[in-house]
Amino acid sequence: MAADDRLERARQLYEQAVFGGDTEALVLAEETLTAVEADLALARGRILHARFLTDRIENPAELELFTRAAELYRDLGDLRGEGEALFWVGTYHQVVRDDGATARPAHLRSYDLAARVGDQLAVIPSFAGEGMAIALRTARLAAEAIMAGVPPKSVTGRWAGLN
């Protein structure tokens, strides 16, 4: 359901509550608006992330938006939405802050939620995000070893510093 449709639905539920005495309609209206708020937070966060990719200037609101979206989806019991928002929380830490260790729990939880709801399209980026973090760490350690004059391969054939 599109955001405009959901806003119209919330308006109708309001009218049911006010003019029809249906207090249960208020619960449904609140849930509907919470879903819109979660979707909006996620969309705004993605826009800020795209802006970061363009100008490389960190905006802390990006993380706040992704975190808020994850909380709202969790409150709604929307595992797919929560997983997507957590993917973006992890991506923020990994890409914006270059902090794979902090990104890892969010990416793993995202992967878990996507797998639980059978969201194949979400499982792939979550898994890829974790793989990218490992690859970046490996490349960074290899570069540091080379700069320090350590041969890039140890006796076991693994990159120095990764045994």
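Described in the following lines is the structure provided in the data block. Please read these numbers as outputs of a predicted model, since none were measured by experiment.

Assigned secondary structure in the chain consists of 6 helices and 0 strands. For the chain, the computed accessible surface area is about 9900 Å², with 59% contributed by carbon and sulfur atoms.

The end-to-end C-alpha separation of helix 4 (residues 79–96) is 25 Å, in line with the 26 Å expected for 18 residues at 1.5 Å each. At the N-terminal boundary of helix 4, the capping side chain belongs to Asp78, with an oxygen 3.3 Å from the backbone nitrogen of Arg80. In the stretch just after helix 4, Asp98 is the one whose phi turns positive, near 55°.

What follows deals with the nonpolar core. The nonpolar side chains of a soluble globular protein tend to be buried with one another. In this structure, Leu42, Phe66, Ala69, Tyr73 and Ala85 are the most contacted members of the largest nonpolar core, which totals 19 residues. When contributions to this core are tallied by element, the ones reaching two or more residues are helix 2 (24–55), helix 3 (61–76), helix 4 and helix 5 (100–116). A per-element tally of this core places helix 4 first, with 7 residues. If sequence neighbours within four positions are ignored, Ala69 has contacts with Ala38, Ala41, Leu42 and Ala85.

A word on the side chain of Glu62. With respect to the helices, strands and loops of the structure, Glu62 is situated in helix 3. In this structure Glu62 is buried but unpaired, with Arg51 as the nearest side chain of opposite charge at 8.9 Å. Every residue in contact with Glu62, bar those within four places of it in the chain, is listed here: Gly45, Leu48, His49, Phe52, Tyr92 and Val96.

Moving on to the environment of Asp4. Tracing the backbone through its elements, the reader meets Asp4 in helix 1 (residues 3–20). Taking the relative accessible area as the measure of exposure, Asp4 reaches 61% and is therefore exposed. Sequence-wise, Asp4 and Val36 are 32 residues apart; in three dimensions their C-alpha atoms are separated by 9.2 Å.

Next up on the list: a nonpolar patch on the surface. A cluster of nonpolar side chains, Tyr14, Val18 and Phe19, forms an exposed patch at the surface whose accessible area comes to about 360 Å². Along the chain, the position of Phe19 falls in helix 1. Look at Phe19 and you get exposed, because its relative accessible area is 67%.

Once that is clear, we can look at unusual backbone geometry. Leaving glycine out, the prevailing phi sign among residues is negative, and the prevailing peptide bond configuration is trans. One non-glycine residue with positive phi stands out, namely Arg56, at about 60°. When you line up the elements, Arg56 lands in the loop between helix 2 and helix 3. Positive phi, normally seen in glycine, also occurs at Asp98, with a value near 55°. Among the secondary structure elements, Asp98 is positioned in the loop between helix 4 and helix 5. When its relative accessible area of 48% is taken as the criterion, Asp98 is described as partly exposed.

Across all of its chains, the model carries 2 aromatic pairs by this definition. Seen in terms of ring centroids, Phe66 and Trp88 are 5.6 Å apart; in terms of plane orientation they differ by 25°. Their pairing is stacked. Here Phe66 is found in helix 3, whereas its partner Trp88 is found in helix 4, with 22 residues between them in sequence. As far as the burial class goes, Phe66 and Trp88 line up, both buried. Considering the side-chain rings of Phe87 and Trp88, the 5.3 Å spacing of their centres and the 80° angle between planes classify their relative orientation as edge-to-face.

In this fold, Arg6 is placed in helix 1. Setting aside anything within four residues of it in sequence, one finds Arg6 in contact with Met1, Thr32, Ala35, Val36 and Asp39.

What counts as what
Residues numbered from 1 in each chain as written. Predicted model: local features only at pLDDT ≥ 70, side-chain atom pairs only at ≥ 80, totals over all residues. Heavy atoms only, no water. Helix = DSSP H or I, 4+ residues; strand = E, 2+ residues; numbered from the N terminus. Areas by Shrake-Rupley, 256 points an atom, 1.4 Å probe, with all protein chains shown as cover. Expected span 1.5 Å × (residues − 1). Polar contact = N/O pair within 3.5 Å; in protein donor to acceptor, adjacent residues only side chain to side chain. Core = buried A, V, L, I, M, F, W, Y, C linked by side-chain atoms within 4.5 Å. Buried < 20%, exposed > 50% of the residue type's maximum accessible area, 1.4 Å probe, protein only. Contact = heavy atoms within 4.5 Å. Lys, Arg positive; Asp, Glu negative; His and termini not counted. Salt bridge = Lys/Arg side-chain N within 4 Å of Asp/Glu carboxyl O. Patch = residues over 30% accessible without salt bridge, like charges linked within 9 Å, V, L, I, M, F, W, Y side chains within 5 Å. Phe/Tyr/Trp six-rings, centres within 6.5 Å; stacked < 30°, edge-to-face > 60°.

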